[in-house]
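So you can see what is in the structure, the chains are spelled out below.
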Amino acid sequence: MDMFLGCNDLSVRYYNRSEHILKNITLSINKGEKVLILGPSGGGKSTLISTLAGIIPEYIEAEVTGQVFLRDNVGIMFQDPDSQFCMLHVDEEIAFSLENRSVPQTEMDNIISNLMNQVGLKVDKKTPIDTLSGGMKQRLALACLLALEPEVLFFDEPTAQLDPAGRKEILEILHRLSQKTNQTMIFVEHMLDGCIEWMDRIIMLNEGGNVIGDGEPEDIIHHFTNEMKEAGIWRPKLYPSKWIEVIENPSHPLSIKLSKQFKSKCQTAIKDYKIENPIISAENVTIGYGRKSIVKEINLAIDKGEWISIVGENGSGKSTLLKSLIRLEPIKKGNIFIQGKELTNWSDRELYEQVGFVFQNPEHQFIADTVFEEIAFGGSQRNWPEELIYAKTKRLIQEFGLEDHENEHPFILSFGQKRRLSVATMLLFDQALLLLDEPTFGQDEKTTYKLMKQLKERQKQGTTIIMVTHDMDLVDRYSDRVLLLNKGKMAYQGTPFGLFSNQDILQKTKIIPPLHYQLMHERREEILV
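This is a predicted model, so every value here is computed, not measured.

Details of the sheet that holds strand 13 (residues 333-338)
Hydrogen bonds along the backbone pair up the strands of a sheet, which may run parallel or antiparallel. Spatially, the four strands line up as an open sheet ordered 11-10-13-14, and their pairing is antiparallel. Edge positions in the sheet fall to strand 11 (292-303) and strand 14 (341-342), since each of these pairs with one other strand and no more. Of the strand pairs in this sheet, strand 10 (residues 278-289) and strand 13 are connected by five bridges, and their pairing is antiparallel. The residue bridging Glu-283 from the neighbouring strand is Asn-335, located in strand 13.

Rendered as structure tokens:
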């Protein structure tokens, strides 16, 4: 019997690297299987699905040895949906996929409507793609894939850029689709909750590009706990437990754990927060881009040494606010002050001596030809002694696990490695204020908490941190205060405890709190805010 999809003794090496990223992999994937590929950042997960999809070596050059058994008709969804779009409007993008199947133009309109309905894309067909939120773009990318009627669907972290509510919705759509069509689906995901529950199988890679585990999800989670921890793979917060069991049984081990976490938060919750020495403030500020205003009447003051998290749905204005705070995006109205000085009165050089910024897309800040030079660049610009530049750069390269890549071009790194590099470049200096746009996006568990620890040390030394994030567990664990943007206004300013304890705000803004808060809300226990 012929193999449906897979490989035999597969090894892959990119031509700019001496080491293979995948080594001697043999896999057979059956028709209709739902497979989840796990592994550390940079461990070859994306390379594996790109090879099984036929992208490597057809469109991405690499040395491939062994046998690869491909399907003729496949679809792949990448982390960034914008990289897949080539048209201007929603209906045109879906029609482009239909044209590849030679679907008659007279039939397209109904098919486009059905596909949009199937993926929950509730917008006008003529909507410009660049006006869609991240969640809507992922729905459009999925509709385009389904229009191709592929035998196999590949997903490379399809929910990485979405807020928790958007992520939940996309995974539910995919789950329903898998039940309806029984299509073969191959996933690469960092966050397992919401998808591991309906996977048939997990394939686990190690840092060296070898398969170290292959089996049913519950068996892999049970037998490879230490390996997953060492690889930095995020363990599911709930699976294999059932949420209803945790809610109804106070003696359930997870119920006991979550209850303890919540009681600990109650004991440390700050009810009143006084601003004593503001490093940055905004007065009646309106932000937006182009002619569009996104959030109006922003009034805030951030104390020196605070850790602030900015949260909200995709498209709520989080990144725009962060950029506006240091003039990367012009404000439409109001005033912003840094250290008491109006933002427009700062020279660029003075401003960026005081403030560091990490972009959501790390490639937007890369300017050098190697990882070492990228980190060292700022020190060279400031005429630091060569010995100091070398010592600080080497230390950061080691801290962020980039030793094997210091002579490589930043653009050839994996996305997780690019993200680590982008943060490392900002930690070379001792700026008073660090602004980070999704600094843990695409990172494994080990790297995430290592980065958080490094940022916490900076905060202890007096650095103020303002972070945009979708990770509510990080918000709860590290933030002093949280700013919530919703429907054009600042919907909440206060402690994480105050936000996650307020069920009314959570429901109105679609914020999904950490599990220990969810448990208390489900049990309708009294929460003293």
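Next comes the rest of the write-up.
As for the sheet that holds strand 5 (residues 74-77)
Strand order in the open sheet made by the six strands is 5-6-7-3-8-9, with mixed pairing throughout. The outermost strands of the open sheet, each flanked by one partner alone, are strand 5 and strand 9 (211-215). Each strand axis lies, on average, 15° off the axis of its neighbour in the sheet, ignoring direction. As judged from the five bridges shared by strand 6 (residues 152-156) and strand 7 (residues 184-188), these two strands associate in the parallel manner. Paired with Asp-156 across the two strands is Val-188, which belongs to strand 7. Strand contacts of helix 5 (residues 134-147): strand 5 and strand 6, with the helix running at about 170° to strand 5, the strand carrying the most contacts. The sheet contacts of helix 6 (residues 164-181) involve strand 3 (34-38), strand 6 and strand 7, and relative to strand 7 the element is tilted by about 155°.

Remarks on the UniProt feature "domain: ABC transporter" (unreviewed entry) in the protein chain
UniProt marks residues 5-233 and 280-512 with the feature "domain: ABC transporter" (unreviewed entry), using the numbering shown here. With 36% helix and 23% strand, the stretch residues 5-233 has end C-alpha atoms that lie 25 Å from each other.

Looking at the packing of helix 13 (residues 371-381) against helix 14 (residues 386-399)
For the pair helix 13 and helix 14, the least separation of the axes is 9 Å and the interaxial angle reads 140°. Accordingly, the angle class assigned to the pair helix 13 and helix 14 is oblique. Crossing of helix 13 against helix 14: the hand is right-handed. Contact with helix 13, carried on its side by Phe-372, Ile-375, Ala-376, Gly-379 and Ser-380, involves Ile-389, Tyr-390, Thr-393, Lys-394, Leu-396 and Ile-397 of helix 14 and no other residues of that element. For the contact of helix 13 with helix 14, a count of residues per class yields seven nonpolar, three polar and one charged.

A word on a negative patch on the surface
Taken together, the side chains of Glu-19, Glu-207, Glu-403 and Asp-404 define an acidic patch exposed on the protein surface. Along the polypeptide, Glu-19 turns up in the loop between strand 1 (5-13) and strand 2 (22-29). Residue Glu-19 is classed as exposed on the basis of its relative accessible area, which comes to 54%.

How each quantity is defined
- Residues numbered from 1 in each chain as written.
- Predicted model: local features only at pLDDT ≥ 70, side-chain atom pairs only at ≥ 80, totals over all residues.
- Heavy atoms only, no water.
- Pairing = 2+ DSSP bridges.
- Helix = DSSP H or I, 4+ residues; strand = E, 2+ residues; numbered from the N terminus.
- Axes fitted to C-alpha atoms, helices over the stretch in contact; angles between N-to-C directions.
- Contact = heavy atoms within 4.5 Å.
- UniProt positions renumbered as here; feature names shortened; annotations may be inferred.
- Parallel < 35°, antiparallel > 145°, perpendicular 65-115°, else oblique.
- Left-handed = near helix turned anticlockwise from the far one by under 90°.
- Nonpolar A, V, L, I, M, F, W, Y, C, P; charged D, E, K, R; others polar.
- Patch = residues over 30% accessible without salt bridge, like charges linked within 9 Å, V, L, I, M, F, W, Y side chains within 5 Å.
- Areas by Shrake-Rupley, 256 points an atom, 1.4 Å probe, with all protein chains shown as cover.
- Salt bridge = Lys/Arg side-chain N within 4 Å of Asp/Glu carboxyl O.
- Lys, Arg positive; Asp, Glu negative; His and termini not counted.
- Charge placed at Lys NZ, Arg CZ, Asp CG, Glu CD.
- Buried < 20%, exposed > 50% of the residue type's maximum accessible area, 1.4 Å probe, protein only.

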